[in-house]
Amino acid sequence: MKIIGLPALVGTYDNYIWVLYQDNKAWVVDPGESQQVIAFLKLHNLVLQGILVTHHHFDHVDGIPALKKAYPDATVFGAQKTNNAHIQVRLAEGDVVKLTDDFRLQVLDTPGHTPDHISYYNDQALFCADTLFTAGCGRLLGGTVEAFSHSLIKLRNLPDHTPFYCAHEYTEDNLKFAIQVEPNNPELQQRLTNLNIHYPTLQTEALGLLKNEKRTNPFLRFDCEEIKAQLIQRGANDTPASLFQTLRNWKDQYDQQS
Ligand SMILES: [Zn+2]
């Protein structure tokens, strides 16, 4: 299975629409737009088989009607809880979406950004949309801090070698915040030094391995000693939900100032 990221809503939300394809078949994750997807499919002689939705936000679903018009046989998958009339197959934790005999994706419940958010996972790819970003995470837009911290810990428990695909390109801003949270992390310093983002061109590789996120993303590290000490100084108590909430608030303040 090949996986390619098409930039979408460039300059505003800076999304990635991930296209998976093999032989003449393709699947797409979170099409917030349609024109670049249709152009890519036509260029490569691909027929859209399925649309995988992670949550209800417009920047993840607004391309669905045009894609369904162009490819009426494509099946739309999404969470049981997601409010979107185009979804045909309703998914929950533990369900499996079979793209080919060799490529199946497990459904993980990952609420927090929104209550309905799911992720799609196998040992070759994690599509975690707005739950976990490169060096950051999504904002709280309807979910709870308890759910979000639990979802992040769930993703952290997946294998290190998992290639990682999120829905937005916010790496640079996220890393600038991360280094304030954890200035003495050598791998984080290295990541910032080596920063080389090609967005909004086609993204032909994963955004990295989950291992890199576990070692440098503060939102997977809010309970490590150095970060925890700072969060407790900022008023957190020693629970995942409180540590996460304090870190998320800190990032929201940082975003307002920058
Ligand atoms: Zn969202």
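Parameters at a glance
- Residues numbered from 1 in each chain as written.
- Predicted model: local features only at pLDDT ≥ 70, side-chain atom pairs only at ≥ 80, totals over all residues.
- Heavy atoms only, no water.
- Pairing = 2+ DSSP bridges.
- Helix = DSSP H or I, 4+ residues; strand = E, 2+ residues; numbered from the N terminus.
- Axes fitted to C-alpha atoms, helices over the stretch in contact; angles between N-to-C directions.
- Contact = heavy atoms within 4.5 Å.
- Buried < 20%, exposed > 50% of the residue type's maximum accessible area, 1.4 Å probe, protein only.
- Donors = N, O, S within 2.8 Å, 3.2 Å for Na, K, Ca; no water.
- Tetrahedral: all angles 85-135°; square planar, octahedral: opposite > 155°, others 65-115°.
- Parallel < 35°, antiparallel > 145°, perpendicular 65-115°, else oblique.
- Left-handed = near helix turned anticlockwise from the far one by under 90°.
- Nonpolar A, V, L, I, M, F, W, Y, C, P; charged D, E, K, R; others polar.
- Core = buried A, V, L, I, M, F, W, Y, C linked by side-chain atoms within 4.5 Å.
- Right-handed = clockwise from strand over helix to strand, strands pointing away.

## Topic: the sheet that holds strand β1 (residues 2–8)
Here is step 1: Strand order in this open sheet of 6 strands is β1-β2-β3-β4-β5-β6, and the pairing throughout is mixed. Sheet topology places β1 and β6 (89–91) at the edges, where each strand pairs with a single neighbour. When the angles between neighbouring strand axes are averaged without regard to direction, this sheet yields 25°.
Here is step 2: Sheet topology places strand β5 (residues 75–79) next to β6; 3 bridges connect them, and they run parallel. Bridged to F77 within β6 is V89.
Here is step 3: The strands touched by helix α1 (residues 35–43) within the sheet are β1, β2 (15–22), β3 (25–29) and β4 (47–52), with β1 carrying the most contacts at an inclination of about 145°.

## Some points on unusual backbone geometry
Here is step 1: Cis geometry is adopted by the peptide bond preceding P200, which originates at Y199 and carries an omega value of 10°.
Here is step 2: Unusually for a residue other than glycine, L9 sits at a positive phi of about 50°.
Here is step 3: When you line up the elements, L9 lands in the loop between β1 and β2.
Here is step 4: For D30, which is not a glycine, the phi torsion comes out positive at approximately 55°.
Here is step 5: Residue position: D30 is located in the loop between β3 and α1.
Here is step 6: Since its relative accessible area comes to 2%, D30 is described here as buried.

## Quick word on the coordination of the zinc ion
Here is step 1: The coordination sphere of the zinc ion contains the protein donors H55 (NE2), H57 (ND1), H113 (NE2) and D130 (OD), at a distance range of 2.2 to 2.3 Å.
Here is step 2: Its 4 donor atoms give the zinc ion angles of 90 to 170° at the centre, a pattern that matches the irregular case.
Here is step 3: Looking at H57, the relative accessible area reads 16%, which means it is buried.

## Notes on the packing of helix α5 (residues 171–181) against helix α6 (residues 186–193)
Here is step 1: Contact geometry of α5 with α6 gives a least axis separation of 10 Å together with a crossing angle of 150°. Classed by the angle they form, the pair α5 and α6 counts as roughly antiparallel. Handedness of the crossing formed by α5 with α6: left-handed. Two secondary-structure elements touch here, α5 through L175, K176, A178 and I179 and α6 through L188, Q189, R191 and L192.
Here is step 2: Taken together, the residues of the contact of α5 with α6 sort by class into 5 nonpolar, 1 polar and 2 charged.

## Quick look at the nonpolar core
Here is step 1: Formed by 51 residues in total, the largest nonpolar core has its most connected members in Y120, L126, F127 and L152.
Here is step 2: In terms of residues, this core owes the most to one element, helix α9 (residues 240–257), which gives 6 residues.
Here is step 3: Counting 23 residues, the second largest nonpolar core, distinct from the first, contains I17, V53, A74 and I87.

## Comments concerning the sheet that holds strand β8 (residues 103–109)
Here is step 1: Spatially, β7-β8-β9-β10-β13 is the arrangement adopted by the 5 strands of the open sheet, whose pairing is mixed. The outermost strands of the open sheet, each flanked by one partner alone, are β7 (96–100) and β13 (164–166). Mean inter-strand twist for the sheet, computed between neighbouring axes without regard to direction, equals 25°.
Here is step 2: Where strand β9 (residues 118–122) and strand β10 (residues 125–129) come together, 3 bridges link them in antiparallel fashion. Counterpart to Y121 in the pairing with β10 is L126.

## Side note on the packing of helix α8 (residues 225–233) against α9
Here is step 1: The geometry of α8 relative to α9 is characterised by a closest axis approach of 9 Å and an angle of 80° between their N-to-C directions. When the axis of α8 is compared with that of α9, the two are roughly perpendicular. Across the interface between the two elements, K228, Q230, L231 and I232 from α8 touch L243, T246, L247 and W250 from α9.
Here is step 2: Here the contact of α8 with α9 is composed, by residue class, of 5 nonpolar, 2 polar and 1 charged.

## Concerning the pairing of β3
Here is step 1: The element β3 is extensively covered by neighbouring structure, given that 4 of its 5 residues are classed as buried.
Here is step 2: Note: β2 against β3, 5 bridges, orientation antiparallel. Within β3, the position partnered with V19 by the bridge is V28.
Here is step 3: Remark: 2 residues form the turn of the hairpin made by β2 and β3, two consecutive strands paired antiparallel; D23 in that turn has positive phi of roughly 50°.
Here is step 4: As paired elements, β3 and β4 share 5 bridges and run parallel to each other. If you follow A26 over to β4, its bridge partner there is L48.
Here is step 5: Between β3 and its parallel partner β4, the chain crosses via α1, and the hand of that crossover is right-handed.

Shape descriptors only; they carry no functional weight alone.
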